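Examination of the molecular architecture
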Amino acid sequence: MIQAIVLDIEGTTCPVDFVSKTLFPFAQKHLNSALMRRDHDPEIDALVQEAINEWELDPDPVSQAMLMQAQQATPSTRDVGDYLQHLIQADRKSTALKELQGIIWKQGYLSGEIQSPLFPDVCPQLDNWRRKEIALAVYSSGSIQAQKLLYAHSNEGDITGRFCQWFDTRTGPKLADQSYTIIAQKLELHPNQVLFVSDHPGECDAARQAGMKSMFCLREGNPHQDPGGHDVAQKLSDIDLHKISQSDISSS
Ligand SMILES: [Mg+2]
């Protein structure tokens, strides 16, 4: 019998393009003004310093040419802004940039400028499961802090209270079955008492490999449209826990 449901976020409860079309452009737009606050914000100042350290070690020729052009011994805040914009354009990873984006998103959520758009079937179904005393948990590649911000500022209000546990990649990669073994342990359940729902067939494979039940969430606009042998739900309300539990009995 399913006792807990672990849900992915992007592509499962929230459209994938919320990240690409809302969150990233918002951070990019507000990056320079956030950097300018370094004079009275020690956290931002430390991240600007960290970005400069990353820049000096960045072997990319464009980055090096920009550093030469910055002329001064220490690049100005504006120079750092240009460098970080270059990283965004080139889709490069940077710890300092990631932290700065997190700060900018938090302010956007708190001011009400950003609101996460949940699929309309999500909240009613979460409530439905909670009435049946099913434990609900989150497992997403965004940090737990980012997950909580997203669910605290949704178009349905603050829904963080629906979830009892939160997991991010600190538990392990989403494509590694070991991560799902750990999640089941943390939920204090046998893996086959846990259902994992995701729009990524590789994540569903890993969960199933660990012994969990899997459900592939197929939403319009998702990059993954092939369920890869997993049961498919187009909405969370398509998920029939009774049927999933019965598949256990019939296969044993
Ligand atoms: Mg996803």
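Quick caveat, the model's predicted, so the values are computed rather than measured.

Here we take up the overall build of the chain. Along its length, the chain carries 10 helices and six strands. Counting across all 252 residues of the chain, residues that qualify as buried make up 32%. Intrachain contacts of the chain at a sequence separation of at least 6 include 66% that bridge at least 24 residues.

Annotation of the chain at the domain level lists domain 1 (4-16 + 115-251) and domain 2 (20-111). A C-alpha centroid distance of 33 Å is found between domain 1 and domain 2. The interface of domain 1 with domain 2 comprises four residues on the first partner and four residues on the second. Residue composition of the side of domain 1 that touches domain 2, by class: two nonpolar, two polar and no charged.

Time to look at the sheet that holds strand 5 (residues 213-217). Hydrogen bonds between backbone atoms are what pair the strands of a sheet, whose relative direction is either parallel or antiparallel. Overall, parallel pairing links the six strands, which are arranged 3-2-1-4-5-6 in an open sheet. The sheet is open, and its two edges are formed by strand 3 (165-167) and strand 6 (232-233), each paired on a single side. Looking at chain direction, strand 5 and strand 6 are connected through two bridges and run parallel. Of the residues in strand 6, the one forming a bridge with F216 is V232.

Here we come to the nonpolar core. Counting residues in each nonpolar core, the largest one holds 55 residues, and the members touching the most others are A51 and F196. It is helix 5 (residues 95-111) that contributes the most residues to this core, six residues altogether. Both domain 1 (4-16 + 115-251) and domain 2 (20-111) contribute no fewer than three residues apiece to this core. Among all residues touching F196, those that are not within four sequence positions of it are V6, Y180, C204, A207, M212 and S214.

Look at D91: it is not a glycine, yet its phi comes out positive at around 55°. On the secondary structure map, D91 appears in the loop between helix 4 (77-89) and helix 5. In this structure, E133 takes a positive phi of about 60° despite not being glycine. As for its position among the elements, E133 is in the loop between helix 6 (122-131) and strand 2 (135-139).

Contact pair helix 3 (residues 61-69) / helix 4: the axes reach a minimum separation of 11 Å and the direction vectors enclose 170°. When the axes of helix 3 and helix 4 are compared, the pair comes out roughly antiparallel. Of the residues in helix 4, those touching helix 3 at V62, S63 and M66 are D82, Y83 and H86. Residues of the contact of helix 3 with helix 4, tallied by class, amount to three nonpolar, two polar and one charged.

Criteria and cut-off values
- Throughout this description, residue numbers start from 1 for each chain and increase along the sequence as written.
- Under the rules for a predicted model, residues below a pLDDT of 70 receive no local features and side-chain atom pairs below 80 are neither given nor counted, while totals for whole chains, interfaces and linings still include all residues.
- Segments assigned H or I by DSSP are reported as helices when at least four residues long, segments assigned E as strands when at least two residues long, and all are numbered from the N terminus.
- We call a residue exposed when 12 or fewer other C-beta atoms sit within 10 Å of its C-beta, buried when the count reaches 20 or more, and partly exposed for counts in between; the C-beta positions come from the backbone.
- Note that contacts rest on C-beta atoms placed from the backbone: two residues are in contact if these are within 7 Å.
- What marks off one domain from the next here is an automatic or database domain assignment.
- Polarity classes work like this: nonpolar for Ala, Val, Leu, Ile, Met, Phe, Trp, Tyr, Cys and Pro, charged for Asp, Glu, Lys and Arg, and polar for all others, with Gly in that last group.
- A pair of strands counts as paired when DSSP detects no fewer than two bridges linking them.
- One nonpolar core equals one set of buried Ala, Val, Leu, Ile, Met, Phe, Trp, Tyr and Cys residues connected by C-beta atoms within 7 Å.
- In this description, a line fitted to the C-alpha atoms serves as the axis of each element, helices being fitted only across the stretch in contact, and the angle between N-to-C directions of two axes falls anywhere from 0 to 180 degrees.
- For classification, angles of less than 35 degrees are called roughly parallel, those exceeding 145 degrees roughly antiparallel, those between 65 and 115 degrees roughly perpendicular, and all remaining angles oblique.

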